[in-house]
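Per-entry structural report
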2 protein chains.
Amino acid sequence: MWRCLKCLPERGRIGIFNRSYYEETLVVRVHPELMAKQKIPKQLVTKNIGEDRYEDIRNIERYLTRNGVVIRKFFLHVSADEQKKRFLERLDNPAKNWKFSSNDSRERGFWKDHMKAYQDMICNTATDDAPWFVVPADNKWFTRVVVAAAVIDALESLDLRYPKVSEAQREELAAAKKELTASDDL
Amino acid sequence: MWRCLKCLPERGRIGIFNRSYYEETLVVRVHPELMAKQKIPKQLVTKNIGEDRYEDIRNIERYLTRNGVVIRKFFLHVSADEQKKRFLERLDNPAKNWKFSSNDSRERGFWKDHMKAYQDMICNTATDDAPWFVVPADNKWFTRVVVAAAVIDALESLDLRYPKVSEAQREELAAAKKELTASDDL
């Protein structure tokens, strides 16, 4: 989670993470050999490493929540059919050729394994404070409506307001206005 | 812990934190009014906030340990008598005047409260993986010996070695040496 923790915005600001630390609970489950490349000391790559990572994520997200950070997580689910359509479009449309990766295409052979890893990850890391939104993503307009609505709900739940102006401050404002109005234009 | 997490060194490097996130479990206990200045949403400043912070610290340090980070924590304990001596020295020695703070001096009135907060914090956050070393610090040479010994122990426990050179690599090295020796000097 180091990469992401280093980029955490300060309290009061909004940060958007594309992919984020959840990667480390997904592709390494489908292709365990990738873990070996991560240079983690051998004795730390235990049988429970998957569960431990879920636990660490839950704990750190709870820590953030306790400190006033509001977390919303979105899983954009593209169906197998739609993915095939998009890959073919990348092959057929010269303007999209650059987007095509034969690696992505080959990874379709592990579709079911990926779905299992996603499901397991979501079940283990969805909490009241840091919920997952699983969003159907075959139609982009629909995805956007769902995500925007969830973000608006989260913002409204904070009941944000402008700071209250005290009587003394109000008098100060009135005095400033009087002075400004009376003064010559520059 | 945000300030410190942002400065976490990558795996394989050594980082030294002077004070660190433990501050947030100490002075706010002695002077709870300081918490009010931190702009934490009111509903999050609960009765359990002290315990919750200990729990968050333990969890995040465990997460780091699981990812190959070795944590050693040092509490340098200066006695009340020695502190008084050092403060007087700062008042009497013109070269040390700049170090004196009447705030620090006034804080001696809360000595027992601070000791209680330190003790509570150490009891709640000392773990096998992230132990506290409580180091007598009235004599600087002694403090340094203790800290250096603990750091050396931690490094030796890692059993670090240069990467092993394979037979093929050894042949490559021999070939390079031959070539280098045979070539004209530049």
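The structure contained in this document is the topic of the report that follows. This is a predicted model, so every value here is computed, not measured.

**Quick word on the overall build of chain A**
Of the regular secondary structure elements, chain A holds nine helices and two strands. For 186 residues, the compact-globule formula gives about 16 Å, and the C-alpha radius of gyration of chain A, at 24 Å, lies well above that figure. A principal-axis box enclosing the C-alpha atoms of chain A has dimensions of 75 × 50 × 30 Å. In chain A, which comprises 186 residues, the proportion classed as buried is 25%. The long-range fraction of contacts in chain A, counting pairs at least 24 apart against all pairs at least 6 apart in sequence, stands at 64%. Of the roughly 13700 Å² of accessible surface on chain A, 55% is carried by carbon and sulfur atoms.

**Comments concerning the packing of helix α4 (residues 49-66) of chain B against helix α7 (residues 111-125) of chain B**
Residues and elements named next belong to chain B. As a packed pair, α4 and α7 sit with axes 9 Å apart at the nearest point and diverge in direction by 45°. The angle between the axes of α4 and α7 places the two elements in the oblique class. The interaxial crossing formed by α4 with α7 has right-handed handedness. Packed against α4, whose contacting residues are E51, Y54, I57, R58 and E61, the element α7 presents A117, D120, M121, N124 and T125 at the interface. Within the contact of α4 with α7, the residues separate by chemical class into four nonpolar, two polar and four charged.

**Some words on the packing of aromatic side chains**
With the rule as written, the count across this model stands at 12 aromatic pairs over all chains. Judged by centre distance (6.2 Å) and plane angle (85°), the ring pair of F87 of chain B and F100 of chain B falls under edge-to-face. Here F87 of chain B, found in helix α5 (residues 80-92), pairs with F100 of chain B, found in the loop between α5 and α6 (102-106); they are 13 residues apart in sequence, far enough to count as distant. On the numbers, 5.9 Å between centres and 85° between planes, the contact of W141 of chain B with F142 of chain B is edge-to-face. Residue classification places W141 of chain B among the exposed positions, given a relative accessible area of 60%. Through a chain of ring-to-ring contacts, three or more aromatic side chains come together here, namely Y21, Y22 and W132 of chain A.

**Observations concerning the pattern of salt bridges**
Taken as a whole and assessed by the stated rule, the structure comprises 27 salt bridges over all chains. Shared partners join several salt bridges into a network, and the residues in it are D52, E55 and D56 of chain A together with R62 and R66 of chain B.

**With respect to the interface of chain B and chain A**
Listed per partner, the contact involves 25 residues of chain B and 25 residues of chain A. Across the chain B/chain A interface, buried area totals approximately 2200 Å², and carbon plus sulfur atoms make up 49% of it. Linking chain B to chain A there are eight salt bridges. The salt bridge partner of E55 of chain B is R62 of chain A, with a shortest N-O separation of 3.4 Å. Counting across the chain B and chain A interface gives 22 residue pairs in polar contact (both at pLDDT 80 or more). Elements with a contribution of two residues or more to the side of chain B that touches chain A: α1 (2-5) and α4 of chain B. The biggest single contributor to the side of chain B that touches chain A is α4 of chain B, with nine residues. Looking at the side of chain B that touches chain A residue by residue, the classes come out as 11 nonpolar, five polar and nine charged.

Parameters at a glance
Residues numbered from 1 in each chain as written. Chains lettered and ligands numbered in written order. Predicted model: local features only at pLDDT ≥ 70, side-chain atom pairs only at ≥ 80, totals over all residues. Heavy atoms only, no water. Helix = DSSP H or I, 4+ residues; strand = E, 2+ residues; numbered from the N terminus. Rg over C-alpha atoms; globule rule 2.2 N^0.38 Å. Buried < 20%, exposed > 50% of the residue type's maximum accessible area, 1.4 Å probe, protein only. Contact = heavy atoms within 4.5 Å. Areas by Shrake-Rupley, 256 points an atom, 1.4 Å probe, with all protein chains shown as cover. Axes fitted to C-alpha atoms, helices over the stretch in contact; angles between N-to-C directions. Parallel < 35°, antiparallel > 145°, perpendicular 65-115°, else oblique. Left-handed = near helix turned anticlockwise from the far one by under 90°. Nonpolar A, V, L, I, M, F, W, Y, C, P; charged D, E, K, R; others polar. Phe/Tyr/Trp six-rings, centres within 6.5 Å; stacked < 30°, edge-to-face > 60°. Salt bridge = Lys/Arg side-chain N within 4 Å of Asp/Glu carboxyl O. Buried area = accessible area lost by both parts, 1.4 Å probe. Polar contact = N/O pair within 3.5 Å; in protein donor to acceptor, adjacent residues only side chain to side chain.

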